[in-house]
Amino acid sequence: MRLIRSIEEQAKVSESWRRRGSVIGFVPTMGALHRGHMSLVDASLAVADRTIVSVFVNPRQFGPKEDYSRYPRTFAGDRRMLARAGVDALFAPGARSMYPKEFATRVEVTGQLSRGLCGPRRPGHFSGVTTVVAKLLNAVRPDLLFLGQKDAQQAAIIGRLILDLNLGVKVKVLPTVREPDGLALSSRNRYLSVGQRKVAPLLYRALRSGRDAIREGVLSAASVRARMRRMLAAGRGLRIQYLDIVDARTLQPVSRIRGRVLLAAAVLLGATRLIDNLPARAPRR
Ligand code: AMP
């Protein structure tokens, strides 16, 4: 596996692979890799001729009070894991080369996709994500981009970015990988204390119970949310940041459940913020 540290080198490597007719798959990450990331890597390895994974903890997507400096960094292990999986290149640029001093651009997807859910709770987060993704896509020029359903809003926003700027990349969104007790894998799970770790799966259980209610024909979003809230209230030290039911395509909150929706939540366990979501569909009548 090639380790690539500069944007210029990445652009050259991609160009040479593309010239040979290779289909390039790309998995952007912030490292601290787990099975969730590796499911995206495996999906790329299965369909692309070349798979490139980036590891870059993007300072621009962290708020001033967020965990940028203590975000887990496990580069040596990540590198080993990716090499073993058969990845062709690991692109790990430094923060200075991505954002030189004179850097002055922000790429932002406006409108409903960014307005709800994590948008207002993490000001500047999604424009940090779209700015870095635009840069990464320009360096890598992949044919296929692999993203996780775990970050559904992020995937929707990146999909919009790609269409709006004609970036010509096909996006594949893969299902959330979970622990046996349902907790979605996340690099941040390691922040949880033993007690908090026991409470954390309640988030998924609440979302599932919401989905079950919808399947049983409860179509009032307020009723479904109340059911999920009641379940989460049992979690010691768990605080709900948001708990919403939105249209799966537009991410607009719904009051009456029709077609495909997304049950999405963010909770705080101590200082650790966990997000999760589940797609659901109203039963056909
Ligand atoms: P991150 O390193 O957190 O920026 O995540 C990199 C990519 O991995 C994103 O597309 C995430 O949605 C995806 N991802 C993170 N956790 C999971 C998971 N548990 N299952 C599937 N994909 C995930």
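Residues numbered from 1 in each chain as written. Predicted model: local features only at pLDDT ≥ 70, side-chain atom pairs only at ≥ 80, totals over all residues. Heavy atoms only, no water.

Draft legend 1. Geometry of the overall build of the protein chain. Summing up its helical and strand segments, the protein chain has 11 helices and nine strands in all. In terms of overall size, the protein chain behaves like a compact globule, its C-alpha atoms giving a radius of gyration of 19 Å where 285 residues would be expected to give roughly 19 Å. With the principal axes as the frame, the protein chain shows a C-alpha extent of 55 × 45 × 40 Å. Out of the 285 residues in the protein chain, the part that is buried amounts to 52%. Look at the contacts in the protein chain between residues 6 or more apart in sequence, and 73% of them connect residues 24 or more apart. Within the structure as shown, the protein chain displays about 14,000 Å² of accessible surface, and the carbon and sulfur contribution to it stands at 49%. Computed over 50 positive and 21 negative side-chain charges, the separation of the two mean positions in the protein chain equals 5 Å. (Helix = DSSP H or I, 4+ residues; strand = E, 2+ residues; numbered from the N terminus. Rg over C-alpha atoms; globule rule 2.2 N^0.38 Å. Buried < 20%, exposed > 50% of the residue type's maximum accessible area, 1.4 Å probe, protein only. Contact = heavy atoms within 4.5 Å. Areas by Shrake-Rupley, 256 points an atom, 1.4 Å probe, with all protein chains shown as cover. Lys, Arg positive; Asp, Glu negative; His and termini not counted. Charge placed at Lys NZ, Arg CZ, Asp CG, Glu CD.)

Draft legend 2. Focus on the sheet that holds strand β6 (residues 170-174). The sheet built from six strands is open, its strands ordered β1-β4-β3-β2-β5-β6 with parallel pairing. Looking at which strands have only one partner, the edges of the open sheet turn out to be β1 (2-4) and β6. In this sheet, adjacent strand axes meet at a mean angle of 25° when their direction is disregarded. Here strand β3 (residues 50-55) pairs with strand β4 (residues 89-91) via three bridges, running parallel. Looking at the pairing, Val-53 lines up with Leu-90 of β4. (Pairing = 2+ DSSP bridges. Axes fitted to C-alpha atoms, helices over the stretch in contact; angles between N-to-C directions.)

Draft legend 3. Layout of the layout of surface pockets. The space that makes up the second largest pocket amounts to roughly 410 Å³. Forming the boundary of the second largest pocket are 20 residues, of which Ala-152, Ala-155, Ala-156, Ala-248 and Arg-249 lie nearest the centre. Secondary-structure elements contributing two or more residues to the lining of the second largest pocket are α8 (152-164), β6 and β8 (260-269). Sort the elements by how many residues they give to the lining of the second largest pocket and α8 lands first, with seven residues. Its residues assigned to classes, the lining of the second largest pocket shows 14 nonpolar, three polar and three charged. (1 Å grid on protein atoms, 1.4 Å probe; cavity = no way out; pocket = protein on both sides within 12 Å on 5 of 7 lines; lining within 4 Å. Points joined across faces, edges and corners; volume = space filled by probe spheres on them. Nonpolar A, V, L, I, M, F, W, Y, C, P; charged D, E, K, R; others polar.)

Draft legend 4. Highlighting the environment of Thr-176. Checked against the element boundaries, Thr-176 lands in the loop between β6 and α9 (194-199). The spacing of Thr-176 and Ala-152 is 24 residues in sequence and 9.6 Å in space, taken between C-alpha atoms. If we skip the residues at most four places from it in the chain, Thr-176 touches Gln-149, Lys-150 and Ala-184. Among the polar contacts made by the side chain of Thr-176, one reaches the main-chain amide nitrogen of Lys-150 at a distance of 3.1 Å. (Polar contact = N/O pair within 3.5 Å; in protein donor to acceptor, adjacent residues only side chain to side chain.)

Draft legend 5. The arrangement of the site of the ligand in detail. Neighbouring residues of the ligand: 16 residues in total, closest Met-30, His-37, Asp-151, Val-177 and Leu-185. In this structure, Gly-148 approaches the ligand through a main-chain N or O atom, which is 3.0 Å from an oxygen atom. A distance of 2.8 Å is found between a nitrogen atom of the ligand and a backbone nitrogen or oxygen belonging to Val-177. Relative to its free-state accessible area of 490 Å², the ligand is covered by the protein chains to the extent of 92%. Here the shell around the ligand takes three residues from helix α2 (residues 35-47), the largest share from any one element. A per-class count over the shell around the ligand returns seven nonpolar, seven polar and two charged. (Near = heavy atom within 4 Å.)

Draft legend 6. Structural view of a positive patch on the surface. Together, Arg-249, Arg-260, Arg-281 and Arg-284 line one region of the surface with positive charge. Classification of Arg-284 by relative accessible area gives exposed; the value is 71%. (Patch = residues over 30% accessible without salt bridge, like charges linked within 9 Å, V, L, I, M, F, W, Y side chains within 5 Å. Salt bridge = Lys/Arg side-chain N within 4 Å of Asp/Glu carboxyl O.)

Draft legend 7. Summary view of the environment of Arg-79. Locating Arg-79 in the fold gives a position in helix α3 (residues 75-85). Here the alpha-carbon distance between Arg-79 and Leu-263, two residues 184 residues apart in the chain, equals 34 Å. Apart from residues lying up to four places away in sequence, Arg-79 is in contact with Met-1, Leu-3 and Leu-90.

Draft legend 8. Quick peek at the pairing of strand β2 (residues 24-29). Within β2, five of the six residues are buried, leaving the element largely enclosed by the surrounding structure. By the bridge criterion, six bridges tie β2 to β3 in an arrangement that is parallel. Each residue of the ladder has a partner; that of Pro-28, found in β3, is Ser-54. Crossover connection from β2 via α2 to parallel β3: handedness right-handed. Both β2 and strand β5 (residues 144-148) contribute to a ladder of two bridges, which runs parallel. When the bridges of β5 are listed, Gly-25 appears paired with Leu-144. (Right-handed = clockwise from strand over helix to strand, strands pointing away.)

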